[in-house]
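Observations on chain architecture
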Amino acid sequence: EALPYLPSKRYKIIEVRVPKGCGVIDRESMEKLEDWAKGGPTPVAGKLSEARKELAIAKGKRAIPFIDEVIQGGGGPLVVFSAHREPVLELGKYDRWECITGDTPAGKRAEIVSRFQAGFLDGIAGTVGAMGVGLTLTKACRMVFIDLPWSNSEIAQAEDRICRIGQKNACEYFLISSNSEVDKIINSSVTKKAKMTSHVDEVRRGD
């Protein structure tokens, strides 16, 4: 019933380069990843988890110039999500930014969201698990995913933090992607399952 009142969505892929060797996994882990991409079980532990974390940290650092560019270009504040804590905590160090992780107390979360919605922050960063459900962040109409969770339902929930009743602008979503083969497989598979590939513009950036 709410769909006719929700704004449109548009997606852009922002490519960055991570150092050679970043996120590299062994053959066995790659086979598990490729099997997952074809519909197999989620390989959530071991070397692949370590590689995903390494990639998230590297991509988070290389996404900072793009995030600064978006903020400085106007259009209001920005919401940033990651499946990992490290990029979120790093963004939380910047002036006029706050972050929400699983360690953020409920009262503090409410205070951060209130300040964000009131226009006192340039951005808010959160882990998908901690900030992806139940919060209204409609002060922003733009969202960046440093990396993606395994579940497309978690992505949909995170997207809806800005795309909900009360949002008056079209929503724009940016996915930070890298030259890592692991990253390419995960992003390709998850975005297809989450139907994020419609209305996608690919934007390539340098190192």
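To be clear, the structure that these remarks concern was listed above.
Presented here is an overview of the structure given in this document. Here the structure is a predicted model, which means the values were calculated and not measured. (Residues numbered from 1 in each chain as written. Predicted model: local features only at pLDDT ≥ 70, side-chain atom pairs only at ≥ 80, totals over all residues. Heavy atoms only, no water.)

Comments concerning the packing of helix α1 (residues 27-37) against helix α7 (residues 181-193)
The condition that has to hold: Only C-alpha atoms enter the line fits that serve as axes; for helices the fit covers just the stretch in contact. Angles between N-to-C directions range over 0 to 180 degrees. Counting from the N terminus, the helices are the DSSP runs of H or I reaching at least four residues and the strands are the DSSP runs of E reaching at least two. Roughly parallel covers angles under 35 degrees, roughly antiparallel covers those over 145, roughly perpendicular covers 65 to 115, and oblique covers all other angles. By convention the crossing between two helices is left-handed if the near helix lies anticlockwise of the far one by an angle smaller than a right angle, and right-handed if it lies clockwise. By definition, residues are in contact when any of their heavy atoms lie within 4.5 Å. Each residue is assigned to one class: nonpolar for Ala, Val, Leu, Ile, Met, Phe, Trp, Tyr, Cys and Pro, charged for Asp, Glu, Lys and Arg, and polar for all the others, Gly among them.
Running from N to C, α1 and α7 point in directions that differ by 15 degrees, and their axes come no closer than 10 Å. In terms of their interaxial angle, α1 and α7 are classed as roughly parallel. For the pair α1 and α7, the sense of crossing is left-handed. Along the contact surface, α1 presents Met30, Leu33, Glu34, Trp36 and Ala37, while α7 presents Glu181, Val182, Ile185, Ile186, Ser189, Val190 and Lys193. Of the residues assigned to the contact of α1 with α7, the class counts are 8 nonpolar, 1 polar and 3 charged.

Let's talk about the packing of aromatic side chains
Both the distance between ring centres and the angle between the ring planes are used here to describe each pair of aromatic rings. Operational definition: Only Phe, Tyr and Trp rings are paired, with Trp represented by its six-membered ring, and only when their centres lie within 6.5 Å; those with planes under 30 degrees apart are stacked, over 60 edge-to-face, the remainder tilted. Partly exposed describes any residue whose relative accessible area lies between the buried limit of under 20% and the exposed limit of over 50%, with all areas from a 1.4 Å probe on protein chains only and scaled to the type maximum. Both a distance and an angle decide whether a charge sits over a ring: NZ of Lys or CZ of Arg must be within 6 Å of the ring centre and within 35 degrees of the ring normal.
Scanning the entire structure with this criterion turns up 4 aromatic pairs. Consider the rings of Phe66 and Phe174, whose centres lie 5.1 Å apart with planes at 70 degrees: the pair is edge-to-face. Placement of the pair is Phe66 in helix α2 (residues 47-72) and Phe174 in strand β6 (residues 171-178), with a sequence separation of 108 residues. The burial state of Phe66 is the same as that of Phe174; both residues are buried. It is Arg52 that lies over the ring of Trp150; its NZ or CZ is 4.5 Å from the centre.

Remarks on the packing of α2 against α7
Two elements in contact, α2 and α7, have axes whose closest approach is 10 Å; the angle formed by their N-to-C orientations is 95 degrees. One way to sum up the angle between α2 and α7 is to call them roughly perpendicular. Of α7, the residues touching α2 (which contributes Leu48, Arg52, Leu55 and Lys59) are Val182, Asp183, Ile186 and Asn187. In terms of residue class, the contact of α2 with α7 is made up of 4 nonpolar, 1 polar and 3 charged.

As for the nonpolar core
Side chains of nonpolar character tend, in soluble globular proteins, to be buried together. Just so we agree on the cut-off: Residues enter a nonpolar core if they are buried and are Ala, Val, Leu, Ile, Met, Phe, Trp, Tyr or Cys, with the set joined through side-chain atoms within 4.5 Å.
By size, the foremost hydrophobic cluster in this structure holds 40 residues, and its most contacted members are Leu33, Val79 and Phe145. Among all residues touching Leu33, those that are not within four sequence positions of it are Ile25, Pro43, Leu48, Trp150, Val182, Ile185 and Ile186. Residues Val16, Ile67, Val80 and Ile176 belong to the second largest nonpolar core, which totals 19 residues.

Digging into the pairing of strand β3 (residues 97-100)
Condition: Strand pairing is defined by DSSP finding a minimum of two bridges between the two strands. Every crossover in which the path from the first strand over the helix to the second runs clockwise, viewed with the strands pointing away from the viewer, is termed right-handed.
Here β3 shows no split at all, with Trp97 and Cys99 on one side and Glu98 and Ile100 on the other all buried. Where β3 lies against strand β4 (residues 123-127), 4 bridges are found, and the strand directions are parallel. For Cys99, the partnering residue across the bridge sits in β4 and is Ala125. The parallel pair β3 and β4, bridged by helix α4 (residues 106-117), forms a crossover whose chirality is right-handed.

Notes on α2
Here is the rule we go by: To estimate how far a helix should extend, the number of its residues minus one is multiplied by 1.5 Å. The quantity called bend is, for any residue, the angle between two axes fitted respectively to the seven residues ending at it and the seven beginning at it.
The terminal C-alpha atoms of α2 lie 38 Å apart, and with 26 residues this matches the ideal 38 Å at 1.5 Å per residue to within 8%. Where α2 bends most, the angle comes to about 40 degrees, and this point is Ala63, followed within four residues by the proline Pro65. Positioned one or two residues after α2, Gly74 has a phi angle of 85 degrees, which is positive.

What to know about the environment of Val182
Looking at where Val182 falls in the secondary structure, it is placed in helix α7. For the pair Val182 and Cys22, spaced 160 residues apart in sequence, the C-alpha to C-alpha distance is 9.8 Å.

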